[in-house]
Protein chains: 2
Amino acid sequence: MKALKIPEAAIVRLSVYSRYLNQLEKNGVTTVSSIEIAEGVNNSPAQVRKDLAYFGEFGTRGVGYNVKDLNRHIIKILGLDMEWKVVIVGAGNLGSALTQYKGFHERGFNILAVFDNDVNKVGLMIGGIPILPSTRLAEFIKRESVQVGIVAVPAKYAQEVVDVMVEAGIKAILNFAPRVLSVPSHVEYRSVDLAVNLEVLTFNLVANK
Amino acid sequence: MKALKIPEAAIVRLSVYSRYLNQLEKNGVTTVSSIEIAEGVNNSPAQVRKDLAYFGEFGTRGVGYNVKDLNRHIIKILGLDMEWKVVIVGAGNLGSALTQYKGFHERGFNILAVFDNDVNKVGLMIGGIPILPSTRLAEFIKRESVQVGIVAVPAKYAQEVVDVMVEAGIKAILNFAPRVLSVPSHVEYRSVDLAVNLEVLTFNLVANK
DNA sequence: GACTGTGAAGCCATTCACAGCT
DNA sequence: AGCTGTGAATGGCTTCACAGTC
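Residues numbered from 1 in each chain as written. Chains lettered and ligands numbered in written order. Predicted model: local features only at pLDDT ≥ 70, side-chain atom pairs only at ≥ 80, totals over all residues. Heavy atoms only, no water.

What follows is about the packing of helix 1 (residues 8–26) of chain B against helix 3 (residues 45–53) of chain B. Helices that pack against each other are described as a pair by the angle of their axes relative to one another and the distance between those axes. Residue and element names in this part refer to chain B. It is at 10 Å that the axes of helix 1 and helix 3 come closest, and there the two elements cross at 105°. Between helix 1 and helix 3, the interaxial angle falls into the category roughly perpendicular. Where helix 1 approaches helix 3, its residues Ala-10, Arg-13, Leu-14 and Tyr-17 are matched on the opposing element by Gln-47, Val-48, Asp-51 and Leu-52. Here the contact of helix 1 with helix 3 is built from residues that sort into five nonpolar, one polar and two charged. (Axes fitted to C-alpha atoms, helices over the stretch in contact; angles between N-to-C directions. Helix = DSSP H or I, 4+ residues; strand = E, 2+ residues; numbered from the N terminus. Parallel < 35°, antiparallel > 145°, perpendicular 65-115°, else oblique. Contact = heavy atoms within 4.5 Å. Nonpolar A, V, L, I, M, F, W, Y, C, P; charged D, E, K, R; others polar.)

Here's what the structure looks like:
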């Protein structure tokens, strides 16, 4: 359990810093200041320093941060220095896209299987990952000790998928169905609503006009 | 220009309320209280009332809100009572999934075309929507007065796509590439980072353990 | 009696400004 | 001299509590 209360927004930013540090590493940059990081990710140097300070002292006064070390620290903080077993439920367009999404693999997420209840899809592969029947979801989660489940089914089936996952002992759920779901508090839960993001844009367009 | 400063989080919630009200409407419910809405979307009644109060008085004291009226008001507030012309750039897995995503059509977003620079894809259709060559993006945005652009290309091409969109006079951009992009302040901009969401989950898993 | 609308209070996140190292 | 780390100040969002209305 963490000592201090850390804003969730800070975690989101750490994740972005890490991606930026990856770029710097690739370009051979060895040292970076909070000012440069801030410019690279569009926020303030004070914010960068504060976010990092929640977790320790990673820099050198008068100098800055070592790119490689800092990135390793952040990766550890985010829990990405271990393997995470993931299943995706729903082999429709979105589920297929998520299954093949490179950003997940790059960050070490291991997608073991995709589940669907369409018998025509079961048995096929999506980018090397097998499609299994939804009836075997619970059993699979238990047997493989899957920690993370991604929901990519139509809204009306989302709650029942979540219930199966929870019952099977999953630890975290990422939901893409546009519906509010109930998930017990011992399971980590986040929801990504694609249409909401567009609607924030249109709101701003009409409001600032 | 809006008089009061409205928290962006409130807009996100309005969008969720609207989706919940759609459900109620479908079920024939005519009146709803802030308590019921709060239960339906997992937040507090006070929050619901405050969010609505930013925009007017939509309820009746002692009674509640008329479901249909309230939803119409929210839809108007979010700018969804008009047609929005949208283009998607990138006909890969994610771009294809977004193109066919029902949640966009349901909320009135009109996706006119998908752009890609793969000559094998150009000329094909995705769910009835044509794939056009990226070289024609700027011209298309101008000719059709496209207001919203969705970026679903690999990270390294994202900035150049955005630059073309901005130059062509687009009003808002939704980015799915995992990279920080620079967009002039007169263009509305939001970024959805799929991996970040998973990383917040894994952080919480390791932090609360 | 029930439920909305809202000023005020409380809380949390961000920004400031400077002390502390190198 | 330069840049980090951090307590203090600020600003903004959420919650409280109650007056207002049906």
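Still to come is the rest of the account.
Residue and element names in this part refer to chain B. Assignment of secondary structure puts Glu-57 in the loop between helix 3 and strand 2 (59–60). We classify Glu-57 as exposed; its relative accessible area is 73%. Remark: the alpha-carbon pair of Glu-57 and Asp-69, spanning twelve residues in sequence, is separated by 12 Å. (Buried < 20%, exposed > 50% of the residue type's maximum accessible area, 1.4 Å probe, protein only.)

Another point: helix 3 (residues 45–53) of chain A. Residues and elements named next belong to chain A. Along helix 3, the residues that are buried comprise Val-48, Asp-51 and Leu-52. One side of helix 3 holds all its buried residues, which, seen down the axis, span an arc of 95°. Structurally, helix 3 contributes buried residues whose contacts are with helix 1 (8–26), helix 2 (34–41), strand 3 (64–66) and helix 4 (67–77). (Arc of directions from axis to C-beta.)

When chain B is brought onto chain A, the operation consists of a screw motion whose angular component is 180° and whose axial shift is 0.0 Å, with 0.0 Å RMSD remaining. Here the transformation between the copies is reduced to the relation of a two-fold axis. Minimal C-alpha separation from the rotation axis in chain B is found for Ala-97 of chain B, amounting to 3.2 Å. Looking at chain B, 100% of its interface residues are interface residues in chain A too, so the copies touch through the same face. (Least-squares fit on C-alpha atoms with pLDDT ≥ 70 in both.)

Accessible area lost during the coming together of the parts is what is often quoted as the interface size. Across the contact, 61 residues belong to chain B and 61 residues belong to chain A. A salt bridge links Arg-19 of chain B to Asp-193 of chain A; the nearest nitrogen and oxygen atoms lie 2.3 Å apart. The interface formed by chain B and chain A includes 19 residue pairs in polar contact (both at pLDDT 80 or more). Contributing elements (two or more residues each) for the side of chain B that touches chain A: helix 1, helix 2 (34–41), helix 5 (93–100), helix 6 (102–106), strand 8 (148–151), strand 9 (172–175), strand 10 (188–191) and helix 9 (194–207) of chain B. At 14 residues, the largest contribution of residues to the side of chain B that touches chain A is made by helix 9 of chain B. For the side of chain B that touches chain A, the residue count by class is 38 nonpolar, twelve polar and eleven charged. (Salt bridge = Lys/Arg side-chain N within 4 Å of Asp/Glu carboxyl O. Polar contact = N/O pair within 3.5 Å; in protein donor to acceptor, adjacent residues only side chain to side chain.)

Once that is clear, we can look at the protein's contact with DNA strand D. Surrounding DNA strand D, one finds 25 residues, the nearest of these being Ser-34, Arg-49, Arg-61 and Tyr-65 of chain A together with Arg-13 of chain B. Considering the 4 Å shell around the protein, atoms of DNA strand D inside it are sugar or phosphate in 62% of instances. Interatomic distance of 2.7 Å between a backbone N/O atom of Ser-34 of chain A and a phosphate oxygen of DNA strand D. Here Phe-58 of chain A contributes a backbone N or O atom positioned 3.1 Å from a phosphate oxygen of DNA strand D. Of all the elements in the fold, those that place two or more residues in the surface near DNA strand D are helix 3, strand 2 (59–60) and strand 3 of chain A together with helix 1 and helix 3 of chain B. (Near = heavy atom within 4 Å.)

Before going further, it helps to spend a moment on the pattern of salt bridges. What the rule picks out here adds up to 18 salt bridges over all chains. Put simply, Glu-8 of chain A and Arg-190 of chain A hold a salt bridge, and the shortest N to O gap is 2.1 Å. Linking Glu-8 of chain A in helix 1 with Arg-190 of chain A in strand 10 (residues 188–191), this pair joins segments that are 182 residues apart in sequence. On the basis of relative accessible area, Glu-8 of chain A is assigned to the partly exposed category, the value being 40%. Of the residues examined, Arg-190 of chain A reaches a relative accessible area of 17% and is grouped as buried. One salt-bridge network, held together by shared partners, links Arg-19 and Arg-107 of chain A together with Asp-193 and Glu-199 of chain B.

Limitation: the analysis is restricted to geometry and does not speak to function.
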